[in-house]
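Take a look at the letters that make up each chain.
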Amino acid sequence: MFKGRSIAVVGGGVIGLSVAYRLAEQNATITLFSPQPIDEITSSVAAAYWAPYWVGDYDRNLATQTLAELQRLASQNVDGVRAIGFEEWLTDNGSRELARDLETAYWWRELPGVDFAWEAMPEPKPFQWNGEDLAFVERVRFTSVVARMPDYLRWLEAKLGQFDHVTVVRQWIDSLSMIEGNYDDIVNCTGWGAKALVTNDPATDAMRLLAGHVVIIDAPEIDTAVSLHRSPFHDAPVYIVPRHGSRNDVLCGGTAIEISEPLDARSPVTFQLDRQCDDVIDRTSRVLKSVQGSPELTRGVGIRPMRNSVRIEHDPFQSNLIHCYGHGGSGLTLSWGSADRVAQLLASRVQRVG
């Protein structure tokens, strides 16, 4: 489809790498501008399991297509990618909330391989929260795909390296004008970095940045993921996600704190790092005792780029520019579907201009 077409993909996170790979598969000549090493990009910090999470409006097809691709990769034992069991534990209030929200919260429950079930807990599970004695009385169980992101992103980058028509450039793009005129098309996959890159644009002016703090622990006895974000966890979500890859570990999170201060994409994000990570360990320990005392391996904070809707569209003023950002906390969940959508937009443009 794109043989002989030169395309710049700006941004080397999970969205940028997925887009670059899909276009390279269709014979485009790709230059991927990915200035940071894998361990320093926001995508590396993500809990990274497939489930729509902290995201505005989006086309559900993007998520469905991505799940199928991730399931395929997990079946091939791709680096860091595994299908594992998940549970959401529910208090009485949480169960009532889910009954109201089931069609939106778990619209994907009947997709192949999800194996969704909603049932009573084998026995009530007591815990303390904000000084109140509560208990989990029901649970949702499902199967999803987890990516240990440092491993998965390195695998994606290595796959790109197998194409002789792909070049990865370690260079910051401070303005799209730096590369305009050098490529047939440009795809902006800069995530929260679009806030600074695409200025004087209502689409980015309205984007909110939410910090998500995580602590990685060594806890091999944890083999089922837990994700809690209904009452009483609205403002303090909890997720505990075992990961498999170059190192088996467990990622504990999280937070969703809006950042109003300016951020420099070139500098490591340390926003409230120790205070919030201490709180993450305290909260996750309250719901799963085995977290407490487990050796801590590392801490981090990532940034979720939140918009009212995911942006995948042609720029209204620059016909050869496509924007693909604003995926919130669902970068992995929407990654392959987003890449396919970008390819469709480019194919339409190629057909129009001949």
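See above for the structure.
Computed from a predicted structure; not experimentally measured.

Student: Is there a simple way to explain the packing of aromatic side chains in this structure?
Tutor: Given two aromatic rings, their pairing is described by the distance between the two centres and the angle made by the two planes. Within this structure, the stated rule accounts for 19 aromatic pairs. Aromatic side chains Y53 and W54 sit 6.2 Å apart centroid to centroid with 90 degrees between the ring planes, which places their arrangement in the edge-to-face category. With a centroid separation of 6.0 Å and 15 degrees between ring planes, the pair formed by Y152 and W155 is classed as stacked. On the criterion of helical spacing, the pair formed by Y152 and W155 is a turn pair, its members being 3 residues apart in helix α5 (residues 149–161).

Student: Sorry if this is basic, but what is going on with the pattern of salt bridges here?
Tutor: Any two side chains of opposite charge can pair if their charged atoms end up close together. This model, assessed by the stated rule, comprises 27 salt bridges. Among the ionic pairs, R154 bridges to D39, the shortest N-O distance being 2.7 Å. Of this pair, R154 sits in helix α5 while D39 sits in the loop between β2 (29–33) and α2 (42–45), and the two are 115 residues apart along the sequence. When salt bridges that share partners are traced, they join R22, E25, E69, R72 and D340 into one network.

Student: Would you mind going over the side chain of S231 with me for this structure?
Tutor: Relative to the helices and strands, S231 resides in the loop between β9 (225–228) and β10 (238–243). Overall, the relative accessible area of 15% leaves S231 in the buried class. Excluding anything up to four places from it in sequence, S231 contacts T91, N93, G94 and E97.

Student: Help me out: how do you make sense of the packing of helix α3 (residues 60–75) against helix α9 (residues 331–353) in this one?
Tutor: Where α3 meets α9, the axes come as close as 7 Å, and the angle between the chain directions of the two elements is 105 degrees. On the basis of the axis angle, α3 is roughly perpendicular to α9. Contacts between α3 and α9 involve L62, A63, Q65, T66, E69, L70 and L73 from the first element and L332, T333, L334, S335, W336, G337, S338, D340 and R341 from the second. Within the contact of α3 with α9, the residues separate by chemical class into 7 nonpolar, 6 polar and 3 charged.

Student: Which parts of the structure should I look at to understand the pairing of strand β11 (residues 249–253)?
Tutor: Each regular strand displays side chains that alternate between the two surfaces of the sheet. Burial analysis of β11 places 5 of its 5 residues in the buried class, which makes it a mostly covered element. Neither face of β11 is left uncovered, since the one carrying D249, L251 and G253 and the one carrying V250 and C252 both have all their residues buried. One ladder, built from 4 bridges, connects strand β8 (residues 208–217) with β11; its direction is antiparallel. The residue bridging I217 from the neighbouring strand is V250, located in β11. Pairing of β10 with β11, which is carried by 5 bridges, proceeds in the antiparallel orientation. Paired with R243 across the two strands is D249, which belongs to β11. What sits between the antiparallel neighbours β10 and β11 is a turn of 5 residues.

Student: Quick question: what am I supposed to make of α3 here?
Tutor: The periodicity of an α-helix, 3.6 residues per turn, causes residues three or four places apart in sequence to face the same way. When the terminal C-alpha atoms of α3 are compared, their 23 Å separation across 16 residues agrees well with the 22 Å that a helix rising 1.5 Å per residue should span. Looking only at α3, the buried set comprises L62, A63, T66, L67, E69, L70, L73 and A74. If you follow the buried residues of α3, they end up packed against α1 (14–25), β3 (81–90), β5 (132–147), α5, β13 (296–314) and α9. The N-cap residue of α3 is D59: its side-chain oxygen and the backbone nitrogen of N61 are 2.8 Å apart. N77, located one to two residues past α3, shows a positive phi value of around 55 degrees.

Student: Sorry, what's going on with unusual backbone geometry here?
Tutor: For residues besides glycine, phi is generally negative; the peptide bonds are generally trans as well. Omega for the bond connecting S231 with P232 falls within 30 degrees of zero, at 10 degrees, which places this linkage in the cis form. Assignment of secondary structure puts P232 in the loop between β9 and β10. Here the amide bond leading from G253 into G254 is cis, since omega sits at 15 degrees, within 30 degrees of zero. Assignment of secondary structure puts G254 in the loop between β11 and β12 (257–258).

Student: Help me out: how do you make sense of the nonpolar core in this one?
Tutor: What tends to happen in soluble globular proteins is that the nonpolar side chains get buried as a cluster. In terms of nonpolar packing, the biggest core is built from 76 residues, with V9, V19, L23, I30, W108, Y152 and V187 touching the most fellow members. Of all the elements, α9 adds the most residues to this core, at 10 residues. Ignoring sequence-local partners within four residues, the contact set of V187 consists of I7, A8, V9, V10, V19, L23, I322, C324, V342 and L346.

Scoring rules and cut-offs
Residues numbered from 1 in each chain as written. Predicted model: local features only at pLDDT ≥ 70, side-chain atom pairs only at ≥ 80, totals over all residues. Heavy atoms only, no water. Phe/Tyr/Trp six-rings, centres within 6.5 Å; stacked < 30°, edge-to-face > 60°. Helix = DSSP H or I, 4+ residues; strand = E, 2+ residues; numbered from the N terminus. Salt bridge = Lys/Arg side-chain N within 4 Å of Asp/Glu carboxyl O. Buried < 20%, exposed > 50% of the residue type's maximum accessible area, 1.4 Å probe, protein only. Contact = heavy atoms within 4.5 Å. Axes fitted to C-alpha atoms, helices over the stretch in contact; angles between N-to-C directions. Parallel < 35°, antiparallel > 145°, perpendicular 65-115°, else oblique. Nonpolar A, V, L, I, M, F, W, Y, C, P; charged D, E, K, R; others polar. Pairing = 2+ DSSP bridges. Expected span 1.5 Å × (residues − 1). Polar contact = N/O pair within 3.5 Å; in protein donor to acceptor, adjacent residues only side chain to side chain. Core = buried A, V, L, I, M, F, W, Y, C linked by side-chain atoms within 4.5 Å.

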